[in-house]
Amino acid sequence: MDDKIRRAEELLEQRARERGGNGHANVDTDAPAAEQPPAANPADQRAEELTNDLKRMAADFANYRKRNEAERTEFTKFAKSDLIAKILDVLDGFDRALATIPEELKGTPWVEGMWLLERKLRGILEAEGLKPVDSLGLVFDPYQHEAVAHLPSDKPEGTIIAEHQKAYRLHDKLIRPALVTVSSGSEGKEKN
Amino acid sequence: MAKVIGIDLGTTNSAVAYMEGGEPTIIANAEGGRITPSVVAFTKNGERLVGQVAKRQAITNPENTIYSVKRLMGRRFTGPEVQRTMKMVSYKIEPAPNGGVLIVLGNGQKLTPPEVSAMILQKLKTDAEAYLGEKVTQAVITVPAYFDDQQRQATKDAGQIAGLEVLRIINEPTAASLAYGLDKKKDEIIAVYDLGGGTFDISVLQLGEGVFEVKATNGDTHLGGDDFDQRVIDWLIDEFKKDQGIDLRNDRQALQRLKEAAEKAKIELSSTQQTEVNLPFITADQSTRPPHR
């Protein structure tokens, strides 16, 4: 591809020169590599070129295989992570729904059934390696938390004062950061 | 032979690729993403963050979180684009002695735009090295077709600071055309439409004999996918208010969920004719009868 671009740019420059105007700007005006002096034996040179090509390809292939193996190991461990990350949305829905059960429905068998459903879903996901991560009261860490607001509070600056969405890990990997509000200290002004 | 990486150094996001078996392949970053937000931040402890982690802490550290630095590359401080960008960003910008631009951090430290871009490039380089399992020293970087000599030079400088030999600076529309194999066709005039996160470029190229000549460029430097998301969010909020009489604008948690849902809907609408936005218990915190949307 680089050759094509080089050729294209050379042609373009040539055209621009012929026109006498300046074509579109281009910083890169490196001259093409100096021509090699003709080899004593063209066949030898060709053989060397091809041998080098072959070596390069063998090295590329070895690297590719290594990378492929590493990816496969990761894949078997985290193949489900995409699907689980999507299901987290449903789990959040359960959390929200069960946190705001209308008074008149509390304790009814129907609501109890919803609790059981939630527990079942959570149980299945936990068996796959999913773990919730608590954030409230911890020091904000962008590797685990995403700040959606920065508000004054009586907690020290940088403390997480509200959690809007729970963080989850699958095995040791964070598959979703927590969405949090971070304290800006007691004298900070509201910034969001 | 060491691998050469190709870098799309964007205003909002960046990406890095390499050639594998004759095909370009995007390299995932350390966090597993195919794109890396073009954001650099400095924490109070002096730690440097680049990409997704820098973006996540932006709201808590506005003075030391640098984004949209591409808008400042190779520009004069007095130019209209810099003046417009200054009003938009949360970090400080001041004139450099040479008439260019300096970014001033909360602690007074000053950085040039190429230095900040270099930090993004360095992250892409490190992630590419981890992925490929070998050192990377050479790169090709794309720039908008309308970039002038100074902007191209600034991009090259950024590569150099990041420890990369920049083999070529290629026009973004040219790179896109090559990726679509358009160089194989004969004399043609094509339009390349590039809608990024925060910028929109359109270029008309003339193709012939493998040459890409930029005939014209235009666009809107302040229009992108993020604006589309905002329109979808506004529409959802208005519809919900009409329907339920509740204004979600004051509910941070709801807004966050709307933002994610709006982006998802936009992405889905690229491949389908219609989509559904379903956010159960959107205002569950505030009312006893949780409305849905």
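Just so it is clear, the model here is predicted, and its values are computed rather than measured.

J.: Got a sec to walk through the overall build of chain B? Specific residues and values, please.
T.: Looking only at helices and strands, one finds seven helices and 15 strands in chain B. Across the 293 residues in chain B, those meeting the buried criterion constitute 49%. The long-range share in chain B, meaning contacts at least 24 apart out of those at least 6 apart in sequence, stands at 53%. When the accessible area of chain B is evaluated, it comes to approximately 14500 Å², of which 50% is carbon and sulfur surface. Of the charged side chains in chain B, 35 are positive and 39 negative; the average position of the first set lies 3 Å away from that of the second.

J.: Account for the overall build of chain A, naming residues and giving values.
T.: Scanning chain A from N- to C-terminus turns up four helices and six strands. From first element to last, N terminus to C terminus, chain A shows the α and β order α-α-α-α-β-β-β-β-β-β. For chain A, the proportion of contacts with a sequence separation of at least 24, taken over those separated by at least 6, is 63%. Accessible area of chain A: about 12700 Å², with a carbon and sulfur share of 56%.

J.: Explain the pattern of salt bridges to me, using residue names and the numbers behind them.
T.: All names here are of chain B. Applying the stated criterion across every chain yields a total of 28 salt bridges over all chains. Taking the shortest distance from any N to any O, the salt bridge between Asp127 and Lys123 comes out at 2.9 Å. Here Asp127 pairs with Lys123, and both are found in helix H3 (residues 113-132), just four residues apart, close to one helical turn. Here the two residues Asp127 and Lys123 agree in accessibility, since each one is buried. Of the charged contacts, one joins Asp247 and Lys241 as a salt bridge, the two residues approaching to 4.0 Å between their closest N and O atoms. By relative accessible area, Asp247 is classed as partly exposed at 25%. By relative accessible area, Lys241 is classed as partly exposed at 42%. A single network of salt bridges, built from pairs that share partners, joins Asp234, Asp238, Lys241, Asp247 and Arg249.

J.: With reference to specific residues and values, describe the confidence of the model for chain B.
T.: All names here are of chain B. When pLDDT is averaged along chain B, the result is 91; 96% of the residues meet or exceed 70. Low pLDDT, under 50, characterises residues 286-290; the stretch is placed with seven contacts to residues that sit more than four places away or in other chains. For this predicted complex, the interface score ipTM comes out at 0.85, while the overall pTM is 0.80.

J.: Could you give an account of the sheet that holds strand S6 (residues 178-183) of chain A, with specific residues and numbers?
T.: What the three strands build is an open sheet, ordered S2-S6-S3 (chain A); its pairing is mixed. The sheet is open, and its two borders are formed by strand S2 (145-151) and strand S3 (160-165) of chain A, each paired with just one other strand. Across the sheet, the mean angle separating the axes of adjacent strands is 30° when strand polarity is ignored. Taken strand by strand, helix H7 (residues 252-268) of chain B contacts S2, S3 and S6 of chain A, and its axis lies near 140° from that of S2 of chain A.

J.: Residue-level account of helix H5 (residues 172-179) of chain B, with values.
T.: Each α-helix winds once per 3.6 residues, and so residues spaced three or four apart point in a common direction. Listed in full, the buried residues belonging to H5 of chain B are Glu172, Pro173, Thr174, Ser177 and Leu178 of chain B. At the C-terminal side of H5 of chain B, Gly181 of chain B shows a positive phi close to 70°.

J.: Report on the nonpolar core, specifying residues and quantitative values.
T.: Residues and elements named next belong to chain B. Ile5, Ile7, Ile66, Ile93 and Leu121 are the most contacted members of the largest nonpolar core, which totals 41 residues. Mapped onto this core, the elements with two or more residues apiece are strand S1 (4-9), strand S2 (13-20), strand S5 (40-42), strand S9 (101-104), H3, strand S11 (138-143), helix H4 (149-161) and strand S12 (165-171). Broken down by element, this core gets its largest block of residues, eight residues, from H3. Residue contacts for Ile5: discarding those within four places in its chain leaves Val16, Ala17, Tyr18, Ile27, Lys125, Ala128, Leu132, Val136, Gln138, Ala139, Val140 and Leu164. Core analysis: the second largest hydrophobic core is formed by 11 residues, Ile233, Ile237, Phe240 and Leu248 among them.

J.: Any chance you could break down unusual backbone geometry for me, citing the residues and the numbers?
T.: Backbone geometry at His171 of chain A places phi at a positive 55°, although glycine is not the residue there. By secondary structure assignment, the location of His171 of chain A is in the loop between strand S4 (167-170) and strand S5 (173-176). With a relative accessible area of 28%, His171 of chain A lands in the partly exposed category. One non-glycine residue with positive phi stands out, namely Ser68 of chain B, at about 55°. Mapped onto the secondary structure, Ser68 of chain B falls in the loop between strand S7 (65-66) and helix H2 (80-88).

The rules we used
Residues numbered from 1 in each chain as written. Chains lettered and ligands numbered in written order. Predicted model: local features only at pLDDT ≥ 70, side-chain atom pairs only at ≥ 80, totals over all residues. Heavy atoms only, no water. Helix = DSSP H or I, 4+ residues; strand = E, 2+ residues; numbered from the N terminus. Buried < 20%, exposed > 50% of the residue type's maximum accessible area, 1.4 Å probe, protein only. Contact = heavy atoms within 4.5 Å. Areas by Shrake-Rupley, 256 points an atom, 1.4 Å probe, with all protein chains shown as cover. Lys, Arg positive; Asp, Glu negative; His and termini not counted. Charge placed at Lys NZ, Arg CZ, Asp CG, Glu CD. Salt bridge = Lys/Arg side-chain N within 4 Å of Asp/Glu carboxyl O. pLDDT = per-residue confidence, 0-100. Pairing = 2+ DSSP bridges. Axes fitted to C-alpha atoms, helices over the stretch in contact; angles between N-to-C directions. Core = buried A, V, L, I, M, F, W, Y, C linked by side-chain atoms within 4.5 Å.

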